[in-house]
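Here's the letter readout for the chains.
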Amino acid sequence: MATFLYRLGRGAFRRRRFVALVWVALLFAAGFGAASASAPTSGSFSIPGTEAQKAFDLLEQRFPGMTANGATARIVIKAPDGAKVTDPAPKAQVEKIVSGLKGGAGADQIASVDDPYQSKAISKDSGTAYISAKYKVSGMELTDATRDALKESGQAAQAAGLTVEIGGDALMTAPETGSGEVIGILIAAVVLVVTFGSLIAAGLPLLTALIGVGIGVSSITALANVLDLGSTTSTLAMMIGLAVGIDYALFIVSRYRVELAEGRERDEAAGRAAGTAGSAVVFAGLTVVIALVGLAVVNIPMLTKMGFAAAGTVVIAVLVALTLVPAILGFAGKKVLPAGTKSRLFGKGKPAGAQPKANGGTRWARFVLRRPILVLLAGVIGLGAIAIPAGKLEMGLPDDGAQPVSTTQRRAYDLLSDGFGPGFNGPLMVVVDGDKALADKTVDRIKGLDGVAVVTPPMPNKAGDAAIINVIPKDRPSSTETEKLVHTIRDGSGDDVLVTGATAMNIDFSQKMNDALVPYLALVVGLAFLLLMLVFRSILVPLKAAFGFLLSVVAALGAVVAVFQWGWLGSLFGVEQTGPIMSMMPIFMVGVVFGLAMDYEVFLVTRMREAYVHGERPGQAVVTGFQYSARVVVAAAIIMIAVFSGFIGAGEQMVKMIGFGLAVAVFFDAFVVRMAIVPAVLALLGHKAWWLPKWLDRILPNVDVEGESLRKHLGESAQGPDQDRELVNA
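Nothing here was measured: the structure is a model prediction, and the numbers come from that model.

Chemist: Help me get a handle on the overall build of the protein chain, residues and values and all.
Modeler: Each helix and strand in the protein chain was counted, giving 25 helices and 11 strands. A total of 730 residues make up the protein chain; the buried ones form 55% of that total. Considering only residue pairs separated by 6 or more positions, the protein chain has 80% of its internal contacts joining residues 24 or more positions apart.

In C-alpha cells:
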C-alpha cells in the first residue's frame, strides 16, 4: 500500500493542475446539486422490531391516511387572571385566529384547523384553550409565508391581553450552528500557524478540508430527500468531516516538510509523504469509517443513515489528503516552510539529518518515564472520577419540554401542562387489533391503572376490526412514572393490544439504544484490538489502547451527564434546560471517538515501534516517539477540540450535546490517555509491550503503516539521500 500511495502522491504533485481541476469540478457539481434540490425534510423515524413501531404499522393498515407525515401546530391561548377563554371577548379573538389560519396566507398548505369550542379543547377551569392545526407537508417543507402566518396568527389576541404561544413541529427549521464553528476554524488556523510557522502551510489543511467538507455536505443536501436523510445529518457530517479533514492534511503536510528538510526534491518529498503519513491516514480513516458504518448493527434507520453520511465525508477527507494535498503542495513550492528556516533547512544551517534538540515532547516523555506509576494513577483515577456520573445516565428523546424557556414552543408546552395536566403533552395511543368488545375491555382495564389521568372512549375504524384509545398519563412524558405506565399497559395486554405514540416511541427508542450499547461497544473495542495488533505486531499495546479508549469514552459520557442532565456548569455551555441524554448520543460518540482515538494511537505509537525495531531500548523508543510525533498529535487534537467546541453554540440541543461530548472525549483521549497513560504503561511493560507469539506473527498480514517497505524499495532503486536517515519534524 505504501508504494501505491507513493506513486499516487507523486503523480498528483506532477499533474497538480489536472487534479485540482477535478476536485474543483466535483465541488461545483455537488454545490449545483445541493442548490437544485428541494429543502431537506426532518427525515422519517422508525424503530424496527419494537411494539411502538408495530402499532404504527398497524395504524397505517387499519386507519389509512391517519399517519400522514404532515406538520402539526398547537396554538395555545390563555386568558388573563380572572377571565375565561369562553368569555365573549376572548372567544372572539380565538375564533379570529381559527378563521385566519383557514383563509389567510399559507392556507393552501393547511389540511385542517380544529375550533377549540367544537373539539372541546378547553381546560376544566376554562382558563386555557388550544387550536390544533394540521398541515399537508412536513415542517421543513412549509413555505416562509405559511410559517410567518402561523407565527403572526396570535398577534391581535396578544394585543387584546391574551397569552398566545405556539408548539408543535410546524415551526421546525434546519438546525443553525451559529458562529461557533467559525470560531473553531479560526482557532484551528491559529494552531496551524503556530505549528508550521508559515501562513501557506497553515492555510493549506484548512483549504483542502473545506473543499472536502463542501463536497460531502453538498452531496448530502442534494440527496437528502432521495435518501430520506434527516435535517441534522449534514451538520453532523460537517462536524466530523471538517475535523478529520484538517487533521489528515496536517499529517501529510508535516511529513512533506520533513522530507524537504532531508534534502529531497519536491515531487519525491510529496510522494514519500503520501507513502508514509498517507498510509497512516488511510488506516486512521478506515477505522473512523468502520466505526460509523458499524452503527448499522443497531438497526435504527435514522442512525444508520447518519453514520453512512458521516462515513462518506470521512472517505472524501482521506481522498483529498492523498491527492489534492500533494497537488496544492506543488503549487505552494517551498513556501510551506517557515520563512526563517528555509536556508537553514536546505544545508546552510544545521546539517540535514542531524538530531534535533530536546523539545517539549521529549521533556514530557522523560518525566513520565521517571514517574510512570504516579502518572498512570493520576490519569486513571482522574478519568475514573469524571466517569462516575455516567452511572446515572438517563436516555431519552427531546420534546418541546427540553427547549429553552425563551422559545414559544417551550412556553406553549408549559401552558398545556398547567392547564390540562403534565401528561397532556405526551398522550399514549393504544391500538386495539380486534372488535368493540375487546376495545371496551381494554378501556376498563386501563382506567384502573395508577398513573392514568384520562382514557377516551375507543374510536373504531370503518371496518370495525380495530380501534384507537387515547390515554393521558398523570405525569410528564419523560418521567419514569410514564415509562412504568407504558410497560404496565403492555404487560397486561396480549399481542392484539399495542401502545404507540411519540412518548411510547421515545421509550422504545431509548431502550433499544441502551440494549445495543454494550454489543456495539464490544464490537468496536474488539475491532480496535485486531486492527492495532496488525499495525503494532503486539498484543499488549492494542490491549492497552482499547482500555484507554474505553476509559476516555466513559469519562466523556460522565461529563455529558454532569452538564446536560445534572446542569453542572450548564450556563457556561448554554444549557438552558436539563433532561435525559439524547438516546443516540452514547453509541454515536463511541463510534466517532473510537476512530479519532485510533488516529492518535497510530501516529504516536508507530514512531515508537519504528525506533524500537531499529534497536532502541523501550524507554528511549518512547522518548523518540514523543520527540518526533507529539507536536503534530497535540496540534491535531487541539484542532479537533476547537472544531467540535464550535458546535456547542448550536441552537439544536442534539448538535450542542454531540459537539460538547466529542470535544471532551478528544481532550481526554489525546491529552490524558495517549499523552500520559500510554507512555506510562509502555514504560512499565518494557520489552513485554512489543511481544507477539511467533506463530501469530507468521499468520498476520503485514499492513506496513510506517512505510518500511517503501523505504527499502526506494533505497534499492532510487538515487538521493540516505534512505535509512532518521526523519525529523521540521
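Let us keep going from here.
Chemist: Help me get a handle on the packing of helix 15 (residues 372-387) against helix 23 (residues 653-685), residues and values and all.
Modeler: Two numbers describe how helix 15 lies on helix 23: the axes approach to 8 Å, and their chain directions differ by 145°. In this structure, helix 15 meets helix 23 at a crossing whose hand is left-handed. Taking contact as the criterion, the partners of Pro-372, Ile-373, Val-375, Leu-376, Gly-379, Val-380, Leu-383 and Ile-386 in helix 15 are, on helix 23, Phe-668, Val-672, Val-673, Ala-676, Ile-677, Ala-680, Val-681, Ala-683 and Leu-684. Tallied by class, residues from the contact of helix 15 with helix 23 come to 16 nonpolar, 1 polar and no charged.

Chemist: With reference to specific residues and values, describe helix 1 (residues 2-14).
Modeler: Helix length check: helix 1, at 13 residues, gives a terminal C-alpha distance of 18 Å against a target of 18 Å (1.5 Å per residue), a fit within 8%. Residues of helix 1 that are buried: Ala-2, Leu-5, Tyr-6, Gly-9, Gly-11, Ala-12 and Phe-13.

Chemist: Account for the pairing of strand 10 (residues 497-500), naming residues and giving values.
Modeler: Of the two faces of strand 10, the one lined by Val-497 and Val-499 and the one lined by Leu-498 and Thr-500 are each fully buried. The sheet contact formed by strand 6 (residues 428-432) and strand 10 spans 4 bridges and is antiparallel. Looking across to strand 10, one finds that Val-431 is bridged to Leu-498.

Chemist: Tell me about the packing of helix 21 (residues 585-613) against helix 22 (residues 618-645), and please be specific about residues and values.
Modeler: Helix 22 packs onto helix 21 with a crossing angle of 160° between their chain directions and a minimal axis gap of 7 Å. Comparing the axis directions of helix 21 and helix 22 gives the class roughly antiparallel. Two packed elements cross with a definite hand, and for helix 21 against helix 22 that hand is right-handed. Split into classes, the residues belonging to the contact of helix 21 with helix 22 amount to 18 nonpolar, 3 polar and 2 charged.

Chemist: Give a description of unusual backbone geometry that names residues and reports values.
Modeler: Phi is positive for Lys-120, close to 60°, though the residue is something other than glycine. With phi around 50°, Arg-537 is a residue other than glycine that occupies positive phi space. As for its position among the elements, Arg-537 is in the loop between helix 19 (502-536) and helix 20 (540-565).

Chemist: Go over the confidence of the model for the protein chain with me, naming the residues and quoting the values.
Modeler: Per-residue confidence for the protein chain averages 82 on the pLDDT scale, and 89% of its residues sit at or above 70. Between the elements of the protein chain, mean pLDDT differs from a low of 38, seen in helix 13 (residues 342-348), to a high of 95, seen in helix 15. Low pLDDT, under 50, characterises residues 342-354; the predicted model gives this stretch 18 contacts beyond four residues in sequence or across chains. Taken together, the stretch residues 716-730 has pLDDT below 50 and engages in 38 contacts with residues farther than four places along the chain or on a different chain.

Chemist: Outline the pattern of salt bridges, supporting the account with residue identities and numerical values.
Modeler: A side chain with one charge can pair with a side chain of the opposite charge if their charged atoms come near. For the coordinates displayed, the defined rule picks out 18 salt bridges. The residue Arg-264 makes a salt bridge to Glu-259 at a minimum N-O spacing of 2.6 Å. Just as Arg-264 is buried, Glu-259 falls in that class too. The residue Arg-410 makes a salt bridge to Asp-414 at a minimum N-O spacing of 3.1 Å. Of this pair, Arg-410 and Asp-414 both sit in helix 16 (residues 408-420), 4 residues apart, which is roughly one turn of that helix. Look at Arg-410 and you get buried, because its relative accessible area is 11%. Exposure remark for Asp-414: the relative accessible area of 27% places this residue in the partly exposed category.

Chemist: Tell me about the sheet that holds strand 2 (residues 110-114), residues and numbers included.
Modeler: Ordered by their spatial adjacency, 4 strands build an open sheet running 2-3-1-4, and the pairing between neighbours is antiparallel. If you trace the sheet from one side to the other, it starts and ends with strand 2 and strand 4 (163-167), each paired once. Across the sheet, the axes of successive neighbouring strands diverge by a mean angle of 15°, strand direction being ignored. Here strand 1 (residues 72-78) runs beside strand 4; their pairing, made up of 5 bridges, is antiparallel. Directly across from Arg-74, in strand 4, lies its bridge partner Gly-167. Relative to the sheet, helix 16 contacts strand 1, strand 3 (128-135) and strand 4, its axis offset from that of strand 4 by approximately 110°.

Conventions we followed
- Along each chain, the written sequence defines residue order, and numbers are assigned to residues from 1.
- The model is predicted, so local features are restricted to residues of pLDDT at least 70 and side-chain atom pairs to those at 80 or more, both for listing and for counting; the totals for chains, interfaces and linings are taken over all residues.
- Remark: hydrogens and water are excluded; side-chain values derive from all non-hydrogen atoms of the structure.
- Each helix is a run of DSSP H or I of at least 4 residues and each strand a run of E of at least 2, with the numbering of both proceeding from the N terminus.
- Per-residue accessibility, obtained with a 1.4 Å probe over protein chains only, is compared with the maximum for each type, and a residue is labelled buried under 20%, exposed over 50%, and partly exposed between these values.
- Contact between two residues is taken to exist if any of their heavy atoms lie within 4.5 Å; hydrogens are not considered.
- To get an axis, a line is fitted to the C-alpha atoms, and for a helix only the part in contact is used. The angle between two axes follows their N-to-C directions and goes from 0 to 180 degrees.
- Left-handed describes a crossing whose near helix is turned anticlockwise from the far helix through less than a right angle; right-handed describes the clockwise counterpart.
- Only Asp, Glu, Lys and Arg are considered charged, only Ala, Val, Leu, Ile, Met, Phe, Trp, Tyr, Cys and Pro nonpolar, and every remaining residue, Gly among them, polar.
- In a helix, the anticipated span is given by 1.5 Å times the number of residues less one.
- Strands were regarded as paired on the criterion that DSSP finds at least two bridges between them.
- Roughly parallel here means an angle under 35 degrees, roughly antiparallel means over 145, roughly perpendicular means 65 to 115, and every remaining angle is called oblique.
- Along the chain, pLDDT gives the predictor's confidence residue by residue, from 0 to 100.
- In what follows, salt bridge is the name for a side-chain nitrogen of Lys or Arg lying within 4 Å of a carboxyl oxygen of Asp or Glu.

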